[in-house]
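# What the coordinates show
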Amino acid sequence: MAHERDDGRLNIPLRTASQHSDSSQSTRYSELLDEDISEYFYAIEDDVEQANNQYRVADAPQGFNDVAHTIGKRKRSKEAEPEDQPPRRVQRKTIQESPSRPHSESSHETFTTASSAQGQSSSPARPGMALSPARLTTEADAYAEPRWYRPRPTPSGVSTSPTKKHTSSSTKPFGSTQSALTASASVDHTHIASASIGSSVLTLPDALQPVRTGHVLPVRQSHASPAAVTPISPAARTSSASRAPRSSTTSHALQTPHEPASYHTDGPHVSAVHAPPAAAAGSSGSTSYATAATPSDPSSITSPLSASSTASPFKSAKSSRSTTTQPIFVMPEDWRPPEPVVIGHAGKWQSTINGLPWGAQWEFARYVNMGFKAESLDRGILLDSHLVNKNAEAAPEVTKIIERYTKAAKDATERGEGAEDPFATAYEREQSVRLPWEELDREEDILSKHLHGAIGCNEDQEFLAQDPDWYGGRIHFTAQLHKDKGNDAFRFVLDRPVLGSSNRFARRFGSRRFVRVRVHKDLLRNAIELREYFKQPFVIGGAVFRAFYAKEQNVFLFRTNERVVVHDKGVLSVGPPAPTRDAKRDFSLMDFLNWHNNLELNSEQTIVKWAARFALGLSNSVPGIRVQPMHVLFEDDIICDSFRGPGKPPSEMEMTDGCGFANRAVMRALKAKFPAWQEEPTAIQCRIGGAKGLLLVRHGLSDEQEEHPTVWLRPSQLKIKYTPHSLRERILPSDADPAWLTIDVLRASRMNTPIRLSVETITNLAENGVPYDRFRDLFQVDLEGRIDPLLKYDTPEDMIFLWHAISREGRVILSRMAREAVGIARAAGYVTEDYDDELEDEDEDGLNGLDEALKEQSSAWWEDPVSGQPSSLEETCLTLLDSGFTPKTCSVLEAKLREVARKAVTTFQSKYRFIVPMSCSAFIVPDPFGVLGPNEIHVKCSRRAFVDIEGRLTDIVIGDVLVTRHPCKVPTDVQKVKAVFHARLRHYCDVIVVSTQSHMYKGRSLDRHLASLTGGGDYDGDTLQVFWDPRIVSSFREPDPEVSATEPPTVKACLVKDSTLVSAFLDATRSVPEEYKVFMLQEYLLGALRGDFHVSTYSTWWEKSTYTQGYSHPETVFLAYMFCAALDGLKTGVSVSPTAFAEHRKKWQQGVLAWKAQDEKSKDKRYKGDQYKSYNVKFLRRKVASSFIMDVLQRQVKDACDAQLGRIERQLGSGKDLPGACRRCKEDQVICDACDRDLAAPWLNARQRALQLRADGKGDMWDELVRIEAHVQAMHQAAMDRKRSTSFRAGGSGEYDAGGSPLKNGVKESAPFTRLPIEKRQDILREQSKRFHAEPRDLRYFDDPTTIKASCAYFYDHRVKGWDRFPWDVATRGLCEIKAKATGSSKTLSGDFYRWMAVSPVYLRQHMPKT
């Protein structure tokens, strides 16, 4: 504790050894961290010229030895200095080591104010002052040696002139042309007024005196949320009243972390000091709640940046330092908690509804949210026995109740609904996969009895005896956010829950506690308004939810233990939890946040990274196995030999960054858990405790080490601490939550071969010397290899190869498995990530696959179980082929096959992704034994799947290879290395092992690992691509890493970084109410709602610069690194300054790349010549003399694709010359050759038999045929009428534009049938097939009229239309059965068997046509 001396200054006792923070992370540098970093120390700059030239404080980006680190994982840039000169060092000394340091005013370390420089100093000049750990501003600063840095700029709009007055007395500016060091000490959350160095007492200049009572910062505040206040500079925080006695309350303000205010640097200023926290009057530190709701006015919400959004955030474009921001966490005295957003509250009936199962509660809220008037309900209905039972019965009953009160009841009657559905059994399989109610019942039943019952890995528990591998968290409660047309207010749309993937949070707390809100990208432009909106509590039915994380276009809500309070006139507010709540199950939002990432235990994290860690709990994962805390062990990272320390090394020098170990006991248990895996995995991407990344199998362990499943985690993997102990001593506590002990599996290692090139990789290879004609040869071989098998169907054997080719083209079997393996498709390997979108890095958090098909209509791509018609083109072709149809005799098969072939060509042409036969990709892992030399890799497959240069199949790659990964934007992102075989690595299959030694270039060490040179990668799950085609490798010129492997210094000048530590936040908010603390944290947790589009924008600008100025041009390299900085921005706390972005946009916004636009010409009538017809945007002109690979390739690919499209049209027709109505065939006879006699036979035969019976006086059969024919004709006419309709409503597709209209892939509310979302098309066709098969009823002569009706529909359509899809839409299964039986060698097969059938590889090898 600090105590006040007689002279008003504070004594600060130094911390004892027992209070030291243990930050050791690795053997290579952990010893350097034993000394307590919180001791106050001096930094002595050896370079006097630098010290005199730059006034810096220790709140800039992480660094050491005058090395400016980059943002993300790219290489840091070294300042110009002779290579043979040793790096400049900073001598570190503590106060205890130099107690008698002279106070020389002439020393360049002297602490001098601007006022004193003018002879107006109010205090004597003081020497450099000690730095408090609470003032360290980056994670690395907590470890690194102190350095001199540029001072924090002052917020724009705040003058530093001594004559400028902000308060009742003149403000003394702080700053000097001399070098100085500034620090502040924090004791008991109160800033120190003064202290003397010699006696361990610090004195702060007047400019840094704390804000005093009564000086409330200016606030503009709306009714809906607290105001955001303009950041206040230190110079503006001094007043004559600042020397008044301190009061118990102090005003608090917030500077938005993710959109920091712009700053100017007219003169040197010191870092802003955190204001002390204060408790709201009468709060006593407890959570405060609103007592009434008032209308919010979104337009009145003021941005924290509104007062200073125009000034530049950096001093000059030549600066190599990024602007570092630190918010001032100050609570305004009149702050009130945000009012709740009410969604689907049922008014007076809500308390009754609260007693129903959660599924019924959600459904009532959903219908009320859609406009249903809840007051029309009555108590008797709500107490119906069907509602008070389980979800599986109660939730569907809600729909029936709503229909009784709405027009939907009448519509249901007209549709023949309300009675028992005769087709319910047919849909059971699909509904069992997507309907959530039974699963929700099971989950809630288990969770009510077993707190951790849904986490998984409970196979030894009695309650899972029937299904030991069961786990929970698979029900998705989702919503959408959009704005109504003509209305500025946001509006929620609740979706019907569906089954989907699982994550740690949902398994631990239950699916019902989470809601995912999908935000349309257009709304992200209203970033500040959107963030303020999601800071409010949300009342959904009778439950309170609060936002705790945002990722891309998703916001995640957590159900808290707060209760909804109903006031007079139905006004709602959020109140504290009921006294009877179960503390083990019902969490507040702060309880939940601390359960996952405890603020106190992780106080050395930056608050931006603290917020980013919540992605770990939301990762799409499957529980693997559970380990014991004593079997989660510490393993040091391997650090580059050239690292001199102290502190945390940069990521590119952590040679094992993100990759730990697991013994074979782990891998064997996982293989047993996931039988879909072909092999025992070599590595898995996973989450365990607070760690993420890869676990690589550790071979060569003793039997004792293999006795229990054990993992070894490295410091680079550990993102969250769960104990106060050092990581080396203990990673997880002995009483760790079972969720932390479970290995959550994202993906297992697998070797993909061959792989496809991307545009970025093509550009890199071409710019580094690979001849253009090599790419031409590759795409021609690939294109022909895909199209040729689709156009060969002359013999019966050809039909089998055609079936196989279509199945492979559409990935049919994998698609079927992925549809049925809901939630585990990624972990089981059914989904192969093919990164077509080069704007995104690999799915590090596992959040990209958040089940797009979370819709309330039919599941995407499932076949119609009534008609038997598959949904996808490829599966339709397979169904017709294996029934005996051929493209030559079946018009519908010909049309479908034509579209399959066309789609293959157009996809090829638009994406330029063609196969390189001699290539592969897999997880990249560091050498576990250290046997690989520099620039060596080891590539081995578990099967003989590689093609060598002689055309032979092999399982090993030997020789020179090229390696790369995404993103691939600078010349050095492709590296040439040597693939070797080492006996000790023979068991490491299906991964790419790289050396842990520093990468070399022409005999010179680059002091970094290989992965960091390929798109800034690491080893936490990144995949590496390997190419060994000698025609590519031999011509590749290795780029000089000095040119592009290092981030340009100008990049940092364009960035603003929030490097606030969690400890600083805690210091500033100790005494504030919990709800205000949550409100402040949400500013970071919702950081993804910043509304910027810098990632895609900088990628586009990089493409333009590559084309116009050249691939290696400095500005092209600069834009590539700006892209990387924007990509990693949410994790690093970095954003692009508005001024820099405006300058870049001014230069690069205009113009269109011709090679990209040419592919759209045929689709877009706006094009005319070299410009857009409507927008008059000209194509960019290349300024470099050489041709550009994509210009050349675009023309070559277009010519080749046009030739293939012409070939397809010649063989399969154009689709425009469809036959018309047949005038030759009679109603009782087939005459023309175009009619399939097999399909018409059942109808004609039945007709002939009925005529015979009628002639014998038995006309009942004829009457039934007349009824059947009338029904078929009526259905046919309805289908034709539907086709003549110009558009269909796409409502309910699940995604909305900013105006509130349903939207899917750009399709508005009304659209042609073929452009509707697949779910909507399926629903229309399914409704048609159900009506077709439902009538006529009560037939005596036809127990199963399916075949007769199918035949009738075909023959009638042939005579009146000629050819149409109608018969196939309603009776595919019936027509296929007719054809199969007509071939004479058919076999009836169950659908459960059929969907997993494939052509045997043995048959394919034996009968493969010779080429």
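What you are looking at is a predicted structure, and each value in this text was computed from that prediction instead of being measured.

With that out of the way, let us pick up the confidence of the model for the protein chain. In the predicted model, the protein chain carries a mean pLDDT of 74, and 67% of its residues have values of at least 70. In this model residues 1-321 is a low-confidence stretch, pLDDT under 50, and it forms 772 contacts with partners more than four residues away in sequence or in other chains. The low-confidence segment residues 848-858, where pLDDT is below 50, has 42 contacts with residues more than four positions distant or belonging to other chains.

The subject of this paragraph is the sheet that holds strand β18 (residues 514-519). Read from one edge of the open sheet, seven strands run β13-β19-β20-β21-β18-β15-β16, paired in mixed fashion. The open sheet terminates on both sides in strands that have one partner only, identified here as β13 (341-343) and β16 (490-494). Sheet twist, expressed as the mean angle between neighbouring strand axes with direction ignored, is 30 degrees. Relative to strand β20 (residues 543-551), strand β19 (residues 538-540) runs antiparallel, the two sharing three bridges. Bridged to V539 within β20 is V544. Across the sheet, helix α13 (residues 589-596) is in contact with β18, β20 and β21 (554-559); its angle to β20 comes to roughly 40 degrees.

Below, the discussion takes up the state of the cysteines. Counting across every chain of the model gives zero disulfides. Here C1222 is not disulfide-linked; the sulfur of C1232 is the nearest cysteine sulfur, at 3.5 Å. Taking relative accessible area as the criterion, C1222 reaches 11% and is therefore assigned buried.

Another point: the nonpolar core. One finds F548, F592, W610, I743 and I937 to be the most contacted residues of the largest nonpolar core, which totals 108 residues. By residue number, the principal contributor to this core is helix α30 (residues 1074-1085), which donates seven residues. Excluding residues that lie within four positions of it along the chain, I743 makes contacts with V622, P623, G624, I625, V627, V666, I684, C686, R687, I688, L695 and V711. Residues F1027, V1197, C1222 and V1230 belong to the second largest nonpolar core, which totals 99 residues.

For the rest of this paragraph, the subject is the packing of aromatic side chains. A complete count under the given rule lists 49 aromatic pairs for this structure. Taking 3.9 Å as the distance between ring centres and 20 degrees as the angle between the ring planes, the aromatic pair formed by Y722 and W740 counts as stacked. With Y722 in the loop between β29 (711-713) and α17 (738-741) and W740 in helix α17, the pair connects residues that are 18 residues apart, well separated along the chain. Per residue, the accessibility class of Y722 equals that of W740, and both read buried.

This next bit is on α30. A rise of 1.5 Å per residue sets the reference length of α30, with its twelve residues, at 16 Å; its end C-alpha atoms lie 16 Å apart and thus fit the reference within 8%. With eleven of twelve residues buried, α30 lies mostly within the body of the structure. Where the residues of α30 are buried, they touch α12 (527-534), β20, α13, α14 (607-612), β43 (1055-1058) and α29 (1062-1068).

Regular strands have side chains that alternate between both faces of the sheet. Across the six residues that make up strand β37 (residues 959-964), a large majority, five, are buried. Two strands pair when backbone bridges link them, and β37 and strand β42 (residues 1023-1027) are joined in this way by three bridges, in the antiparallel orientation. Bridged to V963 within β42 is V1026.

This paragraph deals with the sheet that holds strand β39 (residues 991-994). One closed barrel holds the six strands; their spatial order is β33-β39-β34-β38-β37-β42, and the pairing between them is mixed. The average undirected angle you get between the axes of adjacent strands in this sheet is 45 degrees.

This brings us to a nonpolar patch on the surface. Residues L1389, F1393 and M1397 make up a contiguous nonpolar surface patch of roughly 300 Å² in combined accessible area. Within the fold, M1397 resides in the loop between α42 (1391-1394) and α43 (1401-1407). M1397 gets classed as partly exposed once you look at its relative accessible area, which sits at 38%.

Quick look at helix α31 (residues 1094-1109) now. Residues lying three or four places apart along an α-helix face the same way, a consequence of the helix completing one turn every 3.6 residues. Spanning 16 residues, α31 covers 21 Å between terminal C-alpha atoms, matching the ideal 22 Å at 1.5 Å per step. G1110 sits one or two positions beyond α31 and adopts a positive phi of about 115 degrees.

Definitions and cut-offs
- Residues numbered from 1 in each chain as written.
- Predicted model: local features only at pLDDT ≥ 70, side-chain atom pairs only at ≥ 80, totals over all residues.
- Heavy atoms only, no water.
- pLDDT = per-residue confidence, 0-100.
- Contact = heavy atoms within 4.5 Å.
- Pairing = 2+ DSSP bridges.
- Helix = DSSP H or I, 4+ residues; strand = E, 2+ residues; numbered from the N terminus.
- Axes fitted to C-alpha atoms, helices over the stretch in contact; angles between N-to-C directions.
- Disulfide = S-S within 2.5 Å.
- Buried < 20%, exposed > 50% of the residue type's maximum accessible area, 1.4 Å probe, protein only.
- Core = buried A, V, L, I, M, F, W, Y, C linked by side-chain atoms within 4.5 Å.
- Phe/Tyr/Trp six-rings, centres within 6.5 Å; stacked < 30°, edge-to-face > 60°.
- Expected span 1.5 Å × (residues − 1).
- Patch = residues over 30% accessible without salt bridge, like charges linked within 9 Å, V, L, I, M, F, W, Y side chains within 5 Å.
- Areas by Shrake-Rupley, 256 points an atom, 1.4 Å probe, with all protein chains shown as cover.
- Salt bridge = Lys/Arg side-chain N within 4 Å of Asp/Glu carboxyl O.

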